[in-house]
Each structure stands twice: as structure tokens, then as C-alpha cells.
Amino acid sequence: MYLTLYATEKGEVLEHPGVMMLGRSGNEWLVPEEMEMIPLPKGASLVAIPDCLPVGLGLDERVVAIEKDPYNVRKKVSPVAALLPQGFTRTLLPAFVKRDSEKNMPLFGYAAVGLKGDKIYVAAVKTDEHRKWHPVYYNTEGLPARINRMLEKFPDNRILRQLARCSLEYSCFTAQNIFYQRWEGGIPTMPSCNANCLGCISEDHAGVPSPQNRINFRPTSHEISQIAIEHLTKANDAIISFGQGCEGEPSLNAEVLAEAIKIIRSRTERGTVNINTNAGYTRGIKKMADAGLDAMRVTIFSCIEENYNRYHQPRGYTLADVKDSINYAADKGIKVSLNLLVFPGITDREEEIEALLDFVARNNVHMIQMRNLNIDPDYIMRYFPSDEAGIGMTEFINLLKYEMPGLKIGSYTHPVR
Ligand code: SF4
């Protein structure tokens, strides 16, 4: 058993002496199993969830909502959750009730936490090496100077100015990697999109302000290739990725991106050129594949067509187009990953798992990247209600590994060159 943690009005994190931790899966509150919990990893941050009450199990085994601080009953409390670094997949959401049920929560990937002995545990499993995404390597003192140096080197490059803003205002790690000249760097290029995802982080679709604003211009192939060549020729384990949190759908920009890829590959064979995409615009994907893409990550919430449409709300394409894009790219030797938006209580439902296994078996997918979906649980559950509970996220991942031994499971794109 784990004790419930709560945050005081001063921001202290304390354990409630008489209330056991509960987690959430779908619309259910559950007592976490040992295999669903790990010690809070370095790089995770503890946050208070605004305008909510923590929920736990009282000593009388009844579910309770904690309104007041047990050590100071005049003071209010808030639930505590963890935000996990890349490399960890959440197994349970925090258990809470909202003070105002009409209000949507901020778009964060909250994971449940609890205390055992003197250690804080989080409901998560490790699904990838997380060194490169450890916050200690980002937002360092030297970052502003690095940004200024590159802005001086390429004064006319508008993308760099966008990335400087993303680095300093949104603390985006793939933007910062462009200035640190290492690992995966992001290159946004497209303001519009051909989908309308419920949990879009670059455009407000849920009455919740999106955490970042979209790029508002379309760069030239010169601006794109200038940054890409600088990164691919100088960075360790270099990857450049089109399709970032501050843009729409990059494949809609295929004409310019294909031109940029050709310029890049005329100058260097080094590093990986990747696209993060919904892969709905097959003609665009084909153009970029022919130009020289190395990797493609396809974002998908569900492989059940009806649920896919309800979440992604595609405009002018279908799941069949996504499959065509995947198979065309794979036939070209491009490493294709699914960026599976995982949500405990939906992703691990039997019907979702069957559809996913069937999708992977019929299409040339070589890796599944687990992406904790940043969304208000009450909001998404209104779109995907069900009496069926999930089998559990840990069980789900073990089942994938058992049923698909050749399939790579991870959390982010790895270099392919
Ligand atoms: S595909 Fe991306 S940019 Fe487009 S709506 Fe979905 S999350 Fe937003």
C-alpha cells in the first residue's frame, strides 16, 4: 500500500497519514499493483493539480476526497502528480475530483504518485533509455549565449527565431537541441493541419489554451536545409525531425520539404532525417519518401477506425490512407514507428489491443513509441465511455512484447544512420 500525497497551499508535498493512494484508469479508481509502480525517476517533476481534490482510500476502505490539510484544517489541499521525462510510460492517472466539473484541466501527462516508507513512487514503467531527455541537460545557463551565437551566424533564418522562442518560452527540448547541436533537433515548417485532434498541443480544441502557439509562416527550402545541414554535420547521434509541437501537419508542406531533403543529402550523408506526422496525406508522404526520408513516426490514438476518427477528426483522409503511407515508406526502407498516444483505461482495452496487434501485423511498423497523452481525463472519457476496464498498462506492454517479439517498444525516435 502507498500513502496518498497532497500539496499544501504553500506548495509543500506531504503524505496523508490515514488515506491510502488510489490511481485512475479510464473512469475507475484502483489500488495500484506493485508492478505498476516504480521509484520516482530522476528527471520527473512533482506538480500540484489546480482546482481539484485528492482522492484516496480511507482506513475504513471507503473512498474519500481530501478537502483540508490534516495538519491544518483551515487550509485547502491539492492533488500531487508526476510529470515524467521521456522514457517512462504512465500506468495510472492520479485520482482526484474537480472543484468545478465544467473546467478542463491543463494539457499535462499527469501520473499518479504515492509514498512508501520514505520514498515517493510513481505509476509508471520504464520503456526507453531516458538519459538524452533528462531535464538536467536542458535550460542550462549557457543556452541563451548559444542561441545568440547561432542567430548571429544565420541572421535571416526565421525558423531559428521561432526555435529561439520555443527554447526560451516553451522550454522545448528538441528546439534547444538545435542550439546545443546534439541528438534530436526539431524543425517546424507548417502552420496548418488536416486533422483536428482532441488533444492537439498546438491549437486549442478543448477550451484549454494550447501550451504553445503555432508557427505562422512557411519557411523556404533554403532556411530549412540551412539549419538541417548545420545540425546533421555537427551533432552527435544527429536527427532532424519535421513535425513539432508548434506546427500543424508537415507533410502538407511536402513540396518544400522534399526539395530541402534533396539539398541536405547533396551536402551530407550524416544523421537521420525524420518526420513526425499523421501520415494522412499520402501523396505528400510519397514525395518526401522519394526525396530521402530515413524515418517516419505516425501519431495514432486508436487503430479502430471509428475511434481513430473520433479522436483525430481527419479532414480529407482516412485510416486507409495512413496505412498506404506507412507501407509505401517501409517499402522504401524507411523506419516506421507508431507514436501511440497512450491513456490508461482506453489503450489497454481488449478491443483496442486486438486492433493494434492486427494493425501492426498487417502494416510494416517496426517500432511502437509510447506517448503519454496530455489531456483532461474527464474530457477524453466523455468521448470514449466504456464499461470495459483496461487490462492494465504493464500487462498491455508485456502482451505486445509477447505477441510481437520482433517489434521494438520505446518512447522516442532513435538514429537510423
Ligand atoms: S495532427 Fe498534430 S497539429 Fe494536427 S490537430 Fe493533430 S495534434 Fe494538432
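The rules behind each value
- Residues numbered from 1 in each chain as written.
- Predicted model: local features only at pLDDT ≥ 70, side-chain atom pairs only at ≥ 80, totals over all residues.
- Heavy atoms only, no water.
- Buried < 20%, exposed > 50% of the residue type's maximum accessible area, 1.4 Å probe, protein only.
- Helix = DSSP H or I, 4+ residues; strand = E, 2+ residues; numbered from the N terminus.
- Contact = heavy atoms within 4.5 Å.
- Salt bridge = Lys/Arg side-chain N within 4 Å of Asp/Glu carboxyl O.
- Domains from an automatic or database assignment.
- Buried area = accessible area lost by both parts, 1.4 Å probe.
- Polar contact = N/O pair within 3.5 Å; in protein donor to acceptor, adjacent residues only side chain to side chain.
- Phe/Tyr/Trp six-rings, centres within 6.5 Å; stacked < 30°, edge-to-face > 60°.
- Lys NZ or Arg CZ within 6 Å of the ring centre and 35° of its normal.
- Pairing = 2+ DSSP bridges.
- 1 Å grid on protein atoms, 1.4 Å probe; cavity = no way out; pocket = protein on both sides within 12 Å on 5 of 7 lines; lining within 4 Å.
- Points joined across faces, edges and corners; volume = space filled by probe spheres on them.
- Nonpolar A, V, L, I, M, F, W, Y, C, P; charged D, E, K, R; others polar.

Digging into helix α6 (residues 282-291)
One full turn of an α-helix is made of 3.6 residues, so residues set three or four places apart face in the same direction.
And step 1. Here α6 has its buried residues at T282, G284, I285, M288, A289 and A291.
And step 2. Turning to α6, the residues buried within the fold contact β17 (236-242), α5 (254-267), β18 (272-277), β19 (295-300) and α8 (319-331).
And step 3. Two residues or fewer past α6, G292 is found with a positive phi of approximately 130°.

Some details on the pattern of salt bridges
And step 1. Inspection of every chain in the model, using the stated rule, returns 21 salt bridges.
And step 2. One salt bridge in this structure joins D378 and R24, with 2.9 Å as the shortest N-O distance. With D378 in helix α10 (residues 377-383) and R24 in strand β3 (residues 23-25), this residue pair connects regions lying 354 residues apart in the sequence.
And step 3. We classify D378 as partly exposed; its relative accessible area is 22%.
And step 4. The salt bridge partner of K98 is D378, with a shortest N-O separation of 3.3 Å. On the criterion of sequence distance, the pair formed by K98 in strand β13 (residues 96-98) and D378 in helix α10 is long-range, its members being 280 residues apart.
And step 5. Salt bridges sharing partners connect three or more residues here, namely R24, K98, D376 and D378.

Re the environment of V360
And step 1. Structurally, the position occupied by V360 is in helix α9 (residues 350-362).
And step 2. Judged by relative accessible area, which is 8%, V360 ranks as buried.
And step 3. The spacing of V360 and M404 is 44 residues in sequence and 8.7 Å in space, taken between C-alpha atoms.
And step 4. The contact partners of V360, leaving out residues within four places of it in the chain, are L338, V365, I368, M404 and L407.

Quick notes on the domain arrangement of the protein chain
And step 1. The assigned domain composition of the protein chain is domain 1 (3-126) and domain 2 (131-410).
And step 2. Contacts between the two partners involve 28 residues from domain 1, matched on the other side by 31 residues from domain 2.
And step 3. Together domain 1 and domain 2 conceal approximately 2500 Å² of surface at their shared face, both sides included; 55% is due to carbon and sulfur atoms.
And step 4. Remark: the boundary between domain 1 and domain 2 carries three salt bridges.
And step 5. For the pair domain 1 and domain 2, the number of links is 13 residue pairs in polar contact (both at pLDDT 80 or more).

Side note on the packing of aromatic side chains
In this description, an aromatic ring pair is defined by two values, namely the gap between the centres and the angle between the planes.
And step 1. Applying the stated criterion across every chain, the model contains 10 aromatic pairs.
And step 2. The interplanar angle of 80° and the centroid separation of 6.4 Å between the aromatic rings of Y138 and Y180 together place this pair among those described as edge-to-face. Taken together, the residues span a long stretch of sequence, with Y138 in the loop between β15 (119-126) and α1 (143-153) and Y180 in helix α3 (residues 173-180) at a distance of 42 residues.
And step 3. Using a relative accessible area of 3% as the deciding quantity, one classes Y138 as buried.
And step 4. Among the aromatic side chains, those forming a connected cluster through ring pairs are Y138, F173 and Y180.
And step 5. The positively charged end of K116 is found above the aromatic ring belonging to Y2, 4.6 Å away from the centroid.
And step 6. Over the ring of Y138 we find R182, and its NZ or CZ is 4.7 Å from the ring centre.

Topic: the sheet that holds β3
And step 1. Taking strand neighbours across the sheet as the criterion, the three strands line up as β4-β3-β12 in an open arrangement whose pairing is antiparallel. Strand pairing shows two members of the sheet lacking a second neighbour, β4 (28-30) and β12 (93-94), which therefore form its edges.
And step 2. Both β3 and β4 contribute to a ladder of three bridges, which runs antiparallel. Bridge pairing links G23 to L30 in β4.

Quick notes on empty space enclosed by the protein
And step 1. Under the criterion given, the structure shown has four cavities of 30 Å³ or more.
And step 2. Lining the largest cavity are T4, L5, M21, L22, P54, V55, P79, V80, P94, A95, A112 and V113.
And step 3. Looking at the lining of the largest cavity, the elements with two or more residues in it are β1 (3-8), β7 (52-58), β10 (72-83) and β14 (111-116).
And step 4. By residue class, the composition of the lining of the largest cavity is 11 nonpolar, one polar and no charged.

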